[in-house]
Amino acid sequence: MAEPSGVDRGIQSLISARNSLKSSLEKSKSIGSALEKTGPRFDEIEQRLPSLEAAVRPIRADREALVAVGGHINRAVGPAAAVLKVFDAVHGLEKSLLSDPKNDLSGYLSVLKRLEEALRFLGENCGLAIQWLEDIVEYLEDHSVADEKYLSSLKKSLRLLREFQEEKAKLDGGLKDAALDKLENEFRRLLQDNSVPLPMASPSSLGEQQPCIAPSQLPVTVIHKLQAILGRLRANNRLEKCVSVYVEVRSSNVRASLQALDLDYLDITVTEFNDVQSIEGYISQWGNHLEFAVKHLFEAEFKLCNEVFERFGSSLWMDCFSKIAAQAGMLAFLQFGKTVTDSKKDPIKLLKLLDIFTSLNKLRADFNRLFGGAACIEIQNFTRDLIKKLIDGGAEIFSELLPQVEIQKQIPPPSDGGVPRLVSFVTDYCNKLIGDKYKSTLTQVLLIHKSWRSERFQENQLMVEVLRIIKMIEQNMDAWMKAYPDQTLSHFFGMNNHYHLYKNLKGTRIGDQLGDSWLKEHDQYKEYYATVFLRDSWGKLPSHLSREGLIIFSGGHATARDLVKKRLKAFNDAFDEMYKKQASWVVPEKDLRDRVCQQIVQAVVPVYRSYMQNYGPLVEKDASSSKYVRYTVVALEKMLSSLYMPKPMRYGSFKGTPPSEKLKNEVDLRRTTSAVV
C-alpha cells in the first residue's frame, strides 16, 4: 500500500485539532454551567457564615486543647445517652401499665417489674450522668475552652436536671404509682368477689355443730394472686393499704356471716335489764354463738391470714387477724359476758356465771391458739378481766348463800302451810350446784379463787358448804313451825316440808352424803305430822255423827229425828268451818296431796255415808231437811278430794317450769321480806 501523501497528513492533523478544540469547548461549557450552579451555593454559605461563626465563637481554644477535651466529652455523653434510652423505654410501658390488671395479672406484674428495674437504673445512673456532665462543664471552665455566657447556660441546664433527678417520682411521670393503685384496686376486687359469708345453720341447731376446723374460704388460685400482688406492693412499701383493705373486707364478711344469728343482744347494757334471769335465754345462746364464731369463723380467718400473708412474717398476719377479730365482733362477745358480771347479785346469777365460765373454758385451747399472739393483746386482756370477774363474782355469791338462807329464818312462814319458795328453791338449787352440769365448774372456780388468795381448798369443800346450807334450811323449818299460832297448821307445814326434803334429796348426791338415816328421819317426820294433823282436824268430824240414843222404839221417831238434826247440824258446821279454814292450804307434792286427801276421805266419808243411810230418811222428809242435809255423799267426797291444790305458778321450782316463767318463781336471797311466804 502506498504511503499517505503530505496533504492527507495535514488533513488528519486538522481533524484532530478540530476534535480537540471541540472537546475543550464542551468542557468549558460544562465548567461554565457548574460555575453558574455554584454561585447560589456560595451565596448560601455566605449567609450561614454568621451563625456558624456564632456557634464557634464560645470555643476559644487552639487545636490541641480541643483534641484533649473531646475524649472527656465522649465519656460523659455515653452514660447520658444510655439514660435517655432507658427513659424512652419507660414511656414505652405506659400503655400496658394503664390497662386493667384483671385481664392478665401475671403479665401486668411482669411489666411492672420491668418498670421498677428501669426506674432503679434511672435512679442509680441519672445522677452519675449529670455528675459527669457537670465535670465536663467544670473542665471547660478551668481550661477556658468556652466563654462564660455559654458555660452559665450549661450550668443552669444541669441544675434543672439535678433538681428533676432528685424528685424521683417525676422520672416516670407518676406511672408506677398509678400502676400500684391499680394493683391495690385489683386486690380489693379479688377479695370482695371471692369473700362469701359462711352458710349458716339455723340458730337452734348451733349447739349440734361439730367443732371442726373450717376450711379456707378463698380458692387457692385467688390466694396466689393476692400473694403476687402483695409481693409487688411490698417491694414498693405499699403494704399498709392492702392490709387495711384485707381487714375491712374480711371482717365485714365475718359480720355478714354472724347476722343470721341475730346478735343484737350483745349490745345490751346493765341498765336495760332488771336481773340476770331476764336475759337467761340470751346467755344460753351466747355460749353456742361464741363457740360457732370461734371454731368456724375466726378459725377460718386465722388460717386464711396465715396463707395470704405467710411470706411477709408472722407479725404481719397475726396483726391482720387480730384486727379482723376485733372489728368482726369478738370484743362484743366478751363485752356481753362482762355485762352479765356487772349485773346485780342473786343465786341464779351464779349459775349463769358458771355457764359463761364453762363456755370460755371449753374454748381455752382455741383462744390460746387464735388470740395468744402479741397482736391480740386487747382480746387477751379483755378475756383475762372477764374470767377474773366470773371467778370473783361466782365465789362471792356462793359464799353469801349460807348467811342469806339463815337471814330468812326471821321471816314469817307461809300462811297456807305449803313449802316456802326458799325451801323449794334452795333444795333444787343445791342439787344443781352438786349436779353433773355445775359441780366440776364450781369446784374449779372456787379452787382458782382460793389459790389467788393463797388459801387451801379441800377436795370436798363444795359438798361441805352445800350440806351446811341444807342443814340451815332444817333449822329454818323448825323455827317456822314454832312460829305458827295454830298447831294444826304447824303440823301441816311440817308434813309438807319434811316430805319435800325427803323427796327432793333422795337419790341425789346431797342425799347420798346425808345418808339413809337422815332421809328416813324426814320421811318419819312427814308420817308423824301427817298423822297428828289428820287426828287433830278431820279426824274429829266423825265424832259429831254419834249413834248414841238413836235406838228407835215405837213412837220414838220424833226424838230420834231431833237428835239426828242436831248432830247433822253440828257435823255440817264443823265441816264448813274446817273446810273454809283449810281451803287455802296447799300440798305442793301431788303424791302426798293425793294420799292426804284419800286419808281424809276414808276418815270422814264412810262414817257420813253410813250415818245418812241409817238416819237420813228421818230428816229427808222434813220440810227443813236442806238445813241439815247440806251435802250428798258424792259431793262431800268430791270436796275433800279436791283440797290443797297449789296455786298456779306459785311454788314452782326449776323442774317443769317454762324458761319464761322461771324468773317469776325463784327467790332472790338478798331480800329480807317475802322470801318464804
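Conventions used here
Residues numbered from 1 in each chain as written. Predicted model: local features only at pLDDT ≥ 70, side-chain atom pairs only at ≥ 80, totals over all residues. Heavy atoms only, no water. pLDDT = per-residue confidence, 0-100. Contact = heavy atoms within 4.5 Å. Axes fitted to C-alpha atoms, helices over the stretch in contact; angles between N-to-C directions. Helix = DSSP H or I, 4+ residues; strand = E, 2+ residues; numbered from the N terminus. Parallel < 35°, antiparallel > 145°, perpendicular 65-115°, else oblique. Nonpolar A, V, L, I, M, F, W, Y, C, P; charged D, E, K, R; others polar. Left-handed = near helix turned anticlockwise from the far one by under 90°. Salt bridge = Lys/Arg side-chain N within 4 Å of Asp/Glu carboxyl O. Buried < 20%, exposed > 50% of the residue type's maximum accessible area, 1.4 Å probe, protein only. Disulfide = S-S within 2.5 Å. Core = buried A, V, L, I, M, F, W, Y, C linked by side-chain atoms within 4.5 Å. Phe/Tyr/Trp six-rings, centres within 6.5 Å; stacked < 30°, edge-to-face > 60°.

Colleague: A description of the confidence of the model for the protein should follow, citing residues and the corresponding values.
Modeller: Per-residue pLDDT for the protein averages 80, and the proportion of residues at 70 or more is 69%. pLDDT under 50 marks residues 208-215. Its contacts with residues more than four places away, or in other chains, come to 16 contacts.

Colleague: Give a detailed account of the packing of helix H15 (residues 421-434) against helix H17 (residues 461-483), specifying residues and quantitative values.
Modeller: Two elements in contact, H15 and H17, have axes separated by 11 Å at closest approach and are oriented at 170°. Classified by the interaxial angle, the pair formed by H15 and H17 is roughly antiparallel. On the side of H15, the interface is formed by Leu 422, Val 423, Val 426, Thr 427, Cys 430, Leu 433 and Ile 434, while H17 contributes Leu 462, Met 463, Val 466, Ile 469, Ile 470, Ile 473, Asn 476 and Trp 480. By residue class, the composition of the contact of H15 with H17 is 13 nonpolar, two polar and no charged.

Colleague: Go over the packing of helix H6 (residues 175-194) against helix H7 (residues 220-235), please, and point to the residues and values.
Modeller: Where H6 meets H7, the closest approach of the two axes is 10 Å, and the angle between their N-to-C directions is 155°. Here H6 is positioned roughly antiparallel relative to H7, judged by the angle of their axes. Of the two elements, H6 crosses H7, and the hand of that crossing is left-handed. Contacts between H6 and H7 involve Leu 180, Leu 183, Glu 184, Glu 186, Phe 187, Leu 190, Leu 191 and Asn 194 from the former and Val 222, Lys 225, Leu 226, Ile 229, Leu 230, Arg 232 and Leu 233 from the latter.

Colleague: Before we move on, could you go through the pattern of salt bridges and cite the residues and values that matter?
Modeller: As enumerated under the stated definition, the model contains 35 salt bridges in all. Between Arg 369 and Glu 299 there is a salt bridge, and its shortest N-O distance comes to 2.7 Å. Separated by 70 residues along the polypeptide, Arg 369 in helix H13 (residues 364-371) and Glu 299 in helix H9 (residues 280-309) bring together distant segments of the chain. Look at Glu 299 and you get buried, because its relative accessible area is 5%. The closest approach of N and O atoms between Glu 455 and Lys 450, which form a salt bridge, is 3.2 Å. The class for Lys 450 is partly exposed, based on a relative accessible area of 22%.

Colleague: I'd like a rundown of the state of the cysteines, residues and numbers included.
Modeller: One pass over the structure, following the stated rule, counts zero disulfides. Residue Cys 376 stays outside any disulfide, its sulfur separated by 9.8 Å from that of Cys 305, the closest cysteine. With relative accessibility at 1%, the residue Cys 376 sits in the buried group.

Colleague: Could you give me a rundown of the nonpolar core, with the residues and numbers involved?
Modeller: Ranked by internal contacts, the top residues of the largest apolar core, which has 160 residues, are Tyr 246, Phe 298, Phe 309, Phe 371, Trp 538, Leu 640 and Tyr 644. For Tyr 246, the contacting residues outside a window of four places in its chain are Phe 187, Leu 191, Leu 304, Cys 305, Val 308, Phe 309, Cys 320 and Ile 324.

Colleague: A description of the packing of aromatic side chains should follow, citing residues and the corresponding values.
Modeller: Across all of its chains, the model carries 26 aromatic pairs by this definition. A centroid spacing of 5.2 Å and a plane angle of 80° characterise the contact between Tyr 265 and Phe 336, whose relative ring orientation is edge-to-face. Of the two residues, Tyr 265 is situated in the loop between helix H8 (239-258) and H9 and Phe 336 in helix H11 (residues 330-342); the sequence distance between them amounts to 71 residues. For Phe 336, a relative accessible area of 0% translates into the label buried. For the pair Phe 425 and Tyr 429, a centre-to-centre distance of 5.2 Å together with 20° between the ring planes defines the contact as stacked. Residue Phe 425 and its partner Tyr 429 are both found in helix H15; the two are separated by four residues, about one turn of the helix.

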